[in-house]
Amino acid sequence: MYIGEMRNLRHELYGESVFTSFRTFEASVLGLNKHFERLYNSVTLCYGLRHIDPKTFNEYFLERLSLASQFQKYPNHYFRISIFSNGDKSLSKKNFGLGELEVDLKISKLPEKKASLKLKTFQSPYSEHYIPLKTGSYFQSLYFKRLAMSKGHDDVLFMRDDLILETSTSNLVLFKNAQAFFPEAKGILAGVTTSLLQKYFQSVNVSYTQMPIQYASLQDFDEVFALNAVRGLTPVLKIDDNEFVVNGQKELEKKFVEFAKDDL
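Residues numbered from 1 in each chain as written. Predicted model: local features only at pLDDT ≥ 70, side-chain atom pairs only at ≥ 80, totals over all residues. Heavy atoms only, no water.

Can you tell me about the environment of Ala 260, naming the residues and giving the values?
Locating Ala 260 in the fold gives a position in helix H7 (residues 249-262). When the C-alpha atoms of Ala 260 and Leu 101 are compared, they prove to be 32 Å apart, with 159 residues separating the residues in sequence. (Helix = DSSP H or I, 4+ residues; strand = E, 2+ residues; numbered from the N terminus.)

Below, the structure written as structure tokens:
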């Protein structure tokens with residue numbers, strides 16, 4: 001227990017931090033540069049550091065983490081890199097200097113991966129004007145995930161009006177007649193795994209489309225997968241009362257990982 005003067009830890013006070021998370025595959029990380037790029041863009045946007053170039057950012061924050069040696073030491077693990085400010089708890093703070101920001105690396109065993117998911121839809125608490133960033137403030141997403149779990153599901157699938165968006169931590173890809181479809185709508189945080197999977201589809205001539213997907217059209221799809229950089233591809237068994245085939249995940253994921261590792 002801590003009792004005393006309020007500390008200047010903005011990530012604890014306001015959830016103000018940005019991060020990226022991923023897993024290692026035999027000491028390799030799929031799309032590592034894309035994770036770095038997203039973290040850089042998030043930091044410059046959140047903390048007003050638009051004058052800092054990517055090279056300076058990498059030297060200041062990432063090189064001190066000795067990631068290459070960490071990947072060798074923890075070849076199949078969960079990694080999370082967070083950047084936050086320890087200074088100035090004022091809500092009127094506009095811009096930060098590099099010296100006011102800290103970087104933190106957490107490494108742990110991979111979380112257990114479910115064989116398949118059952119999703120419960122709820123209207124998204126985020127408006128179309130929401131800026132999609134990976135931030136440390138996950139209350140809304142986790143609250144609705146817990147609400148879905150209390151109703152016998154594994155996760156929440158957010159919707160806006162009649163359009164499906166994403167789960168609490170994952171993007172979606174849906175299949176119909178061997179064609180892939182990625183939901184498109186304002187506010188979706190496009191994940192690194194999604195962009196790499198699209199690149200893989202291009203390499204093997206699998207047709208894919210990024211488009212708005214209405215809830216009423218879910219019954220037309222054969223397979224659905226949740227995508228993120230830690231759990232990879234996870235089959236979705238049900239979305240509310242809509243059921244889907246669960247049979248192609250292992251072969252697709254194996255080929256995708258082989259492609260993405262070769263593409264580093």
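Please provide a residue-by-residue account of the packing of helix H2 (residues 32-47) against helix H6 (residues 192-203), values included.
Here H2 crosses H6 at 140°, and the two axes come no closer than 10 Å. The angle between H2 and H6 falls in the class oblique. Two packed elements cross with a definite hand, and for H2 against H6 that hand is right-handed. Mapping the contact onto sequence places Lys 34, His 35 and Arg 38 in H2 and Val 192, Ser 195 and Leu 196 in H6. Across the contact of H2 with H6, the residue classes tally to two nonpolar, two polar and two charged. (Axes fitted to C-alpha atoms, helices over the stretch in contact; angles between N-to-C directions. Parallel < 35°, antiparallel > 145°, perpendicular 65-115°, else oblique. Left-handed = near helix turned anticlockwise from the far one by under 90°. Contact = heavy atoms within 4.5 Å. Nonpolar A, V, L, I, M, F, W, Y, C, P; charged D, E, K, R; others polar.)

Give a description of the pairing of strand S11 (residues 232-239) that names residues and reports values.
Across the eight residues that make up S11, a large majority, six, are buried. Pairing of strand S4 (residues 117-123) with S11 involves three bridges; the strand directions are parallel. Counterpart to Leu 117 in the pairing with S11 is Val 236. Pairing analysis gives four bridges linking strand S10 (residues 223-228) to S11, with the strands arranged antiparallel. Each bridged residue has a counterpart across the sheet, and for Ala 226 the counterpart in S11 is Thr 234. Direction of pairing for S11 relative to strand S12 (residues 242-243): antiparallel, over a ladder of two bridges. When the bridges of S12 are listed, Lys 238 appears paired with Glu 243. (Buried < 20%, exposed > 50% of the residue type's maximum accessible area, 1.4 Å probe, protein only. Pairing = 2+ DSSP bridges.)

Could you give me a rundown of empty space enclosed by the protein, with the residues and numbers involved?
In the structure shown here, the tally under the stated rule is one cavity of 30 Å³ or more. Taken as a whole, the largest cavity holds about 100 Å³ of empty space. Taken together, 17 residues line the largest cavity, and the ones lying closest to its centre are Phe 25, Leu 30, Thr 193, Asn 228 and Ala 229. Elements represented by at least two residues in the lining of the largest cavity include exactly strand S1 (17-23), H6, S11 and H7. Class assignment for the residues of the lining of the largest cavity results in eleven nonpolar, four polar and two charged. (1 Å grid on protein atoms, 1.4 Å probe; cavity = no way out; pocket = protein on both sides within 12 Å on 5 of 7 lines; lining within 4 Å. Points joined across faces, edges and corners; volume = space filled by probe spheres on them.)

Go over the sheet that holds S1, please, and point to the residues and values.
Strand order in this open sheet of three strands is S1-S2-S3, and the pairing throughout is antiparallel. A strand with exactly one partner marks an edge of an open sheet, and here the two such strands are S1 and strand S3 (101-109). Strand-to-strand twist across the sheet, computed as the mean angle between neighbouring axes with direction ignored, equals 15°. By the bridge criterion, seven bridges tie S1 to strand S2 (residues 77-85) in an arrangement that is antiparallel. Across the sheet, residue Ser 21 finds its bridge partner in S2, namely Arg 80. Its contacts with the sheet put H2 on S1, S2 and S3, and the angle it makes with S1 is roughly 170°.

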